[in-house]
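The primary structure of each chain is shown beneath.
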Amino acid sequence: MELLFLILTLLLLGSAGLILYLWLRLKVYQARVDTSFRLLKDQARELAQLRLFSSRRQKSFQLEVRIMQEMSAALAHCADFEQAVQVAFSRMLEGLSADIGILHLGEHPESVTDFYWGTGSHLEETLESIATRGIVLQDRPKITETSTFEDFQSAKDLKPIESVCSLLGFACRARGRRVGEFLVAYQKPHRYTDSELRCLQYCAERFGEAFDALQSVKQSESLDQLRQDYVANLSHELRTPLTVIYGYLAILKSYPEQLFQQHEKHEMVAVMTEECQRLIRLINNLLLSAKVEREDFPKELKPVPVSLAEVVGQTCRFMEHELRSKGIEVLTDIPKDLALIKGNYDLLYQVFQNLVSNSIKFCSTEPRIEITAKQEEDYVIVSVSDNGLGIDPSALPRLFQRFYRGESSASKRPGLGIGLYLVKKLVELHRGHISVTSELNKGTTFLLRFPALSMASPLSRQAAG
């Protein structure tokens, strides 16, 4: 009996243990199944997010491509540059759903293109005011917390930017040079995507390239016109003295010698000599203008110590007849002990000959030329002044450009526009500097600055560039 009870007990215990084991195994299996379901759900959610992200990226990429295509097409197919830029800028802003845009192309303040989208110049003026006055923008500005702008009560100037959010600016560049910029903004906070930033950068590059292409075309047209004017002026400059010389020679040859008084012969010879000197100066300038552009030209200089007093004296002696015939008074004030400079005598002579010739060309009714020199520290300063017609202030920045002749009464006088260009080139070749000041109907002063011999350094190849 006891044995039977023991057997039943053992069977019950074994069954309970088996049931417990099976229950535990079921729990483990159920946990694994739950984990698998959770993983599947997570993967499905991640897959959905990936599909959504992929769809957004695809839409963003399509938008980026569409904006780029439309902008490139606008810039390429519009004949008018300003209209093309405005169309391209508008399409860019429409594609980005931007609310505000400002575009400038050109050197300030003379912009080639100014375009405003959803705003006006008041916003630009406010931003410039902020940059100039150092205003610190805060969410809730308090006068006591403002240290950079003590007159913060004028914060009414900031009203134009109250509705501006997510303001972003891009520089338009061409060949490493900044040629403009544009601003983009929204009326509500906007987070720029990588695709939008790439698109904006692409547009900035295209605007810069388009502006650079326009400038190249304008420069090419201007250069062609300058060359045409140069050829016409050169023909006139060569023909005029030759016509005078030929005319006098024909007179002297055609008529008996006894018909001429001695002073008449001297006058004819003097005029022909003056015209020959003019031709010589012209030819020298033409030859020299071609030489100075060569990279190896500085090697031909062979600089030596030079006295500028001797150079100026030789210039005045050579042009004495021309100066006297036009009644021009020449005053010189050059110390005998003026420091020497290191350079080429003939080229320096060419510098002062061109400056004096320029003063003669634009002389007044009571002409006077003053040439003074002095030494300041380690430099020799030479001034060449006249009381002639003067130069219009707008022409001064371009005065030393090759072939440039101002659009005034001066442009009607003889010349090719290479004399002052050569002067600047040769002065810089001697490690010097030249500047000019002028006042209409009062005169012009050229100031030349050369290193004294103790300071003069070897002439470099770059000086001629």
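Up top is the structure.
This report concerns the structure included in the present document.

The rules behind each value
Residues numbered from 1 in each chain as written. Predicted model: local features only at pLDDT ≥ 70, side-chain atom pairs only at ≥ 80, totals over all residues. Heavy atoms only, no water. Salt bridge = Lys/Arg side-chain N within 4 Å of Asp/Glu carboxyl O. Helix = DSSP H or I, 4+ residues; strand = E, 2+ residues; numbered from the N terminus. Buried < 20%, exposed > 50% of the residue type's maximum accessible area, 1.4 Å probe, protein only. Core = buried A, V, L, I, M, F, W, Y, C linked by side-chain atoms within 4.5 Å. Contact = heavy atoms within 4.5 Å. Phe/Tyr/Trp six-rings, centres within 6.5 Å; stacked < 30°, edge-to-face > 60°. Pairing = 2+ DSSP bridges. Axes fitted to C-alpha atoms, helices over the stretch in contact; angles between N-to-C directions.

Concerning the pattern of salt bridges
So, point 1. Under the counting rule described, the total for this entry stands at 10 salt bridges.
So, point 2. A salt bridge links Arg-206 to Glu-209, with the shortest nitrogen-to-oxygen separation between them at 2.7 Å. Here Arg-206 pairs with Glu-209, and both are found in helix H4 (residues 194-254), just 3 residues apart, close to one helical turn.
So, point 3. With relative accessibility at 43%, the residue Glu-209 sits in the partly exposed group.
So, point 4. Taken together, the salt bridges that share partners define one network made up of Arg-175, Arg-177 and Asp-212.

What to know about the nonpolar core
So, point 1. The biggest cluster of nonpolar side chains holds 47 residues, and the ones touching the most others in it are Leu-308, Phe-352, Phe-446 and Leu-448.
So, point 2. Element by element, the count of residues in this core is highest for helix H8 (residues 345-361), at 8 residues.
So, point 3. In contact with Leu-448, not counting residues within four places along its chain, are Val-351, Phe-352, Leu-355, Val-380, Ile-381, Val-382, Val-427, His-433 and Ile-434.
So, point 4. Membership of the second largest hydrophobic core comes to 27 residues, among which are Met-92, Val-179, Val-184 and Phe-211.

Looking at the packing of aromatic side chains
So, point 1. Applying the stated rule across the entire model yields 8 aromatic pairs.
So, point 2. For the ring pair Phe-318 and Tyr-349, a centre distance of 6.2 Å and an interplane angle of 80 degrees mean the geometry is edge-to-face. One end of the pair, Phe-318, is in helix H6 (residues 308-318); the other, Tyr-349, is in helix H8, with 31 residues separating them in the sequence.
So, point 3. Accessibility expressed as a relative area gives 14% for Tyr-349, which makes it buried.
So, point 4. By the ring-pair criterion, three or more aromatic residues cluster together here, those being Phe-89, Phe-115, Phe-170, Phe-182 and Phe-207.

Comments concerning the sheet that holds strand E10 (residues 433-439)
So, point 1. Read across the sheet, 5 strands follow the order E6-E8-E9-E11-E10 without closing on themselves; strand pairing throughout is mixed. The sheet terminates laterally at strand E6 (329-333) and E10, the two strands that pair on one side only. Going from strand to strand, the sheet's axes swing by 15 degrees on average, the running direction of each strand aside.
So, point 2. As paired strands, strand E9 (residues 379-386) and strand E11 (residues 443-451) are joined by 8 bridges and run antiparallel to one another. Across the sheet, Ser-385 pairs through a bridge with Thr-445, a residue of E11.
So, point 3. Packed onto the sheet, H8 meets strand E8 (368-376), E9 and E11 and runs at close to 170 degrees relative to E11.
So, point 4. With respect to the sheet, helix H9 (residues 419-429) is in contact with E10 and E11, its orientation differing from that of E10 by roughly 145 degrees.

Some remarks on the pairing of strand E4 (residues 177-186)
So, point 1. Burial of E4 is extensive: 7 of the 10 residues sit out of reach of the surface.
So, point 2. Sheet topology places strand E1 (residues 100-105) next to E4; 6 bridges connect them, and they run antiparallel. Among the inter-strand pairings, Leu-105 is bridged to a residue of E4, identified as Gly-180.
So, point 3. Two strands pair when backbone bridges link them, and strand E3 (residues 165-174) and E4 are joined in this way by 8 bridges, in the antiparallel orientation. Note on E4: the bridge partner recorded for Cys-165 is Tyr-186.
So, point 4. Where E3 folds back on E4, the antiparallel hairpin that results is connected by 2 residues, among which Arg-175 adopts a positive phi of roughly 55 degrees.

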